[in-house]
Number of protein chains: 2
Amino acid sequence: MAPNLAIQKRVGFIGLGIMGQHMAGHILAGGYELHVNSRTRAKADALVERGAIWYESPGEVAATSDILITIVGYPVDVESIYLEPGGILDRARPGAVLIDMTTSSPSLAERIAKAASLRGMMALDAPVSGGDIGAREAKLAIMAGGDETAFSQVLPVLRLIGSNVVHMGQAGTGQHTKMANQIAIASTMIAVSESISYATRVGLNPDLTLDVLGTGAASSFLLNGLGRKMVRQDFAPGFFVHHFAKDIGIALNEAKRINLDLPGLALAQKMYERLLANGFGEEGTQALYRIYNRLHWSE
Amino acid sequence: MAPNLAIQKRVGFIGLGIMGQHMAGHILAGGYELHVNSRTRAKADALVERGAIWYESPGEVAATSDILITIVGYPVDVESIYLEPGGILDRARPGAVLIDMTTSSPSLAERIAKAASLRGMMALDAPVSGGDIGAREAKLAIMAGGDETAFSQVLPVLRLIGSNVVHMGQAGTGQHTKMANQIAIASTMIAVSESISYATRVGLNPDLTLDVLGTGAASSFLLNGLGRKMVRQDFAPGFFVHHFAKDIGIALNEAKRINLDLPGLALAQKMYERLLANGFGEEGTQALYRIYNRLHWSE
């Protein structure tokens with residue numbers, strides 16, 4: 001009988017938020033030995049019950065993994081777990097493939113890839129799109145940048161969590177693609193909020209309006225999905241306002257670096273900052289609808 | 001043999017632009033006797049060759065039609081052909097159903113419906129979405145406002161040109177729905193332009209980027225359609241910049257009337273006005289991409 005090659009691979013997974021828990025679960029279900037760490041120990045409980053092994057720090061997970069996946073909060077978190085003394089680059093084994101799936105800055109991804117390469121490791125930036133539902137159903141879009149051989153090597157693992165896994169080019173291109181994705185989402189969220197606010201305020205049946213708009217030129221994934229939630233004033237988070245505000249900030253910085261003026265993105269930043277200021281950071285991005293309708297609004 | 005009821009209905013069609021020519025052609029192919037008028041006689045040639053009957057004025061078409069469809073340029077054109085002496089309301093027969101499919105102002109639609117009703121006619125506002133391709137393939141979305149009996153009566157004709165024909169409510173609601181549609185399109189166009197401009201400028205493969213974005217949360221009808229045209233810098237018109245600028249103007253006026261602030265739509269207006277000022281009114285709405293990349297740009 002041929003050996004099961006998959007079982008030989010130890011996969012480390014750092015960051016067990018909404019997305020990370022689902023993703024790590026799929027990898028465990030795929031037959032890999034899973035080594036985990038997260039800022040909050042309790043978030044690993046369900047996975048540990050299913051056989052995952054807990055470690056006290058990112059560095060310790062790195063030391064025992066052939067493939068290491070990270071998906072944490074902010075670029076500053078990525079920087080700290082990868083680059084600080086005792087962190088991932090200090091402890092990971094030569095030959096390991098390190099995959100950061102956090103939405104983070106393209107230039108940081110390039111720095112990590114260079115530092116990893118100097119130590120005989122390979123680092124990929126591979127942020128995802130598709131939110132909590134995509135993570136739960138293993139249907140994420142994964143946009144990867146970095147060495148193509150390393151990408152091929154980890155593709156079987158990435159395919160356990162994503163249905164559309166694409167190698168975009170050199171280090172940083174995964175993050176750049178994710179920025180292009182968030183830039184498109186930002187003004188589309190404004191589009192959806194304004195359209196539904198108008199429909200509601202002039203007295204149209206908003207669900208019927210969505211039925212019509214959702215099949216034509218105005219249709220979008222966000223209109224058809226989050227639009228319905230706006231109509232019900234359901235602001236429960238799929239994707240947090242504070243995470244999206246972070247992504248918009250990264251994208252605006254990158255655009256500034258290349259002298260590209262993005263007024264729609266700048267408008268979205270202002271609006272999401274207002275949501276944060278009004279205390280709605282823990283709601284879903286569809287809470288943008290509040291601004292137009294002054295729902296529990298204190299400005 | 002049962003009489004062909006369809007043939008008993010004379011349908012008038014006024015306005016043979018890109019959209020109107022396709023729409024009128026489907027009605028003719030559906031077996032109706034078609035009476036036509038347009039500002040430019042030559043635009044009727046192909047239809048007349050296929051059996052349509054030409055009249056010199058909108059009023060003359062109205063005088064011989066059981067069902068009258070109009071799709072002209074601007075609200076001011078709608079006002080003139082319907083309300084001027086010798087125009088449609090002066091000449092149409094009692095019992096006729098008048099359908100304005102121009103994207104026009106909701107309040108004008110209400111005025112025409114009231115005036116028609118006083119003369120024993122029924123007027124519907126039924127603007128469409130789906131552009132030239134939707135018109136050609138008879139797959140338009142049609143959003144109708146006005147008397148429900150009149151709507152049911154003309155539904156067989158509307159189904160010849162639209163695949164999604166919806167009665168939205170009283171007079172004006174068709175136009176309001178179209179405004180909600182254009183409001184959604186306006187900021188989505190900004191979303192698509194900014195996303196592709198960013199992708200191109202940071203050196204991503206833009207087609208590959210669209211492949212990835214087009215299956216996730218950022219996906220939209222416009223990203224997947226007009227996005228590809230932006231990448232090829234193909235600005236040929238499906239839907240004219242000057243028509244869209246008109247629609248944005250109507251929507252902003254309506255929003256102002258109800259004290260609804262729509263900053264995304266206001267931004268889109270500024271940008272489309274800049275396109276007009278730079279001489280790109282006859283291009284397609286995807287020409288918005290020019291602004292970000294200063295393509296043949298003189299500002």
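Every value quoted in this text rests on a predicted model; they were computed, and no experiment measured them.

Next up on the list: the pairing of strand E5 (residues 97-100) of chain A. All names here are of chain A. Alternating residues of E5 divide into Val97 and Ile99 and Leu98 and Asp100, and every residue in both groups is buried. Pairing between strand E4 (residues 67-70) and E5: 4 bridges, direction parallel. Within E5, the position partnered with Leu68 by the bridge is Leu98. By the bridge criterion, 4 bridges tie E5 to strand E6 (residues 122-125) in an arrangement that is parallel. Within E6, the position partnered with Leu98 by the bridge is Ala123. Taking the sense of rotation as the criterion, the β-α-β connection linking E5, helix H7 (residues 106-118) and E6 turns out right-handed.

Our next topic: the pattern of salt bridges. Side chains bearing opposite charge may pair, as long as their charged atoms lie close to each other. Residue and element names in this part refer to chain A. This model, assessed by the stated rule, comprises 24 salt bridges over all chains. Two residues, Arg39 and Asp77, come together in a salt bridge whose shortest N-O distance is 3.7 Å. Residue Arg39 is found in the loop between strand E2 (33-37) and helix H3 (45-49), and its partner Asp77 is found in helix H5 (residues 75-83); the two are separated by 38 residues along the sequence. Residue classification places Asp77 among the buried residues on the basis of a relative accessible area of 18%. Close ionic contact of Asp211 with Arg228 constitutes a salt bridge, the shortest N to O distance being 2.7 Å.

Residue and element names in this part refer to chain A. By the assigned domains, chain A splits into domain 1 (5-171) and domain 2 (177-293). Once you take the C-alpha centre of each, domain 1 and domain 2 turn out to be 28 Å apart. At the junction of the two partners, domain 1 supplies 16 residues and domain 2 supplies 13 residues. On the domain 1 side of the interface with domain 2, the three residues burying the most area are Tyr74, Thr103 and Met143, jointly 38% of the side's total. One can count 6 residue pairs in polar contact (both at pLDDT 80 or more) joining domain 1 with domain 2. Going through the elements one at a time, H7 and strand E7 (128-129) are the ones with two or more residues in the side of domain 1 that touches domain 2. Its residues assigned to classes, the side of domain 1 that touches domain 2 shows 8 nonpolar, 7 polar and 1 charged.

Attention now goes to the confidence of the model for chain A. Residues and elements named next belong to chain A. This prediction gives chain A a mean pLDDT of 95; 97% of its residues lie at or above 70. Here residues 1-7 is a poorly scored stretch, pLDDT under 50, and it has 3 contacts once near neighbours within four places are set aside; other chains count. Predicted complex, confidence summary: ipTM 0.92, pTM 0.91.

So, about the relation of the copies chain A and chain B. Mapping chain A onto chain B leaves a residual RMSD of 0.1 Å; the transformation is a rotation of 180° accompanied by 0.0 Å of translation along its axis. Both copies of the chain, as the preceding transformation shows, are related through a two-fold rotation axis. Among all C-alpha atoms of chain A, that of Ser220(A) lies closest to the rotation axis, at 1.9 Å. Of the residues that chain A buries at the interface, 100% are likewise interface residues in chain B, meaning the two copies contact each other through the same surface.

Conventions we followed
Residues numbered from 1 in each chain as written. Chains lettered and ligands numbered in written order. Predicted model: local features only at pLDDT ≥ 70, side-chain atom pairs only at ≥ 80, totals over all residues. Heavy atoms only, no water. Buried < 20%, exposed > 50% of the residue type's maximum accessible area, 1.4 Å probe, protein only. Helix = DSSP H or I, 4+ residues; strand = E, 2+ residues; numbered from the N terminus. Pairing = 2+ DSSP bridges. Right-handed = clockwise from strand over helix to strand, strands pointing away. Salt bridge = Lys/Arg side-chain N within 4 Å of Asp/Glu carboxyl O. Domains from an automatic or database assignment. Contact = heavy atoms within 4.5 Å. Buried area = accessible area lost by both parts, 1.4 Å probe. Polar contact = N/O pair within 3.5 Å; in protein donor to acceptor, adjacent residues only side chain to side chain. Nonpolar A, V, L, I, M, F, W, Y, C, P; charged D, E, K, R; others polar. pLDDT = per-residue confidence, 0-100. Least-squares fit on C-alpha atoms with pLDDT ≥ 70 in both.

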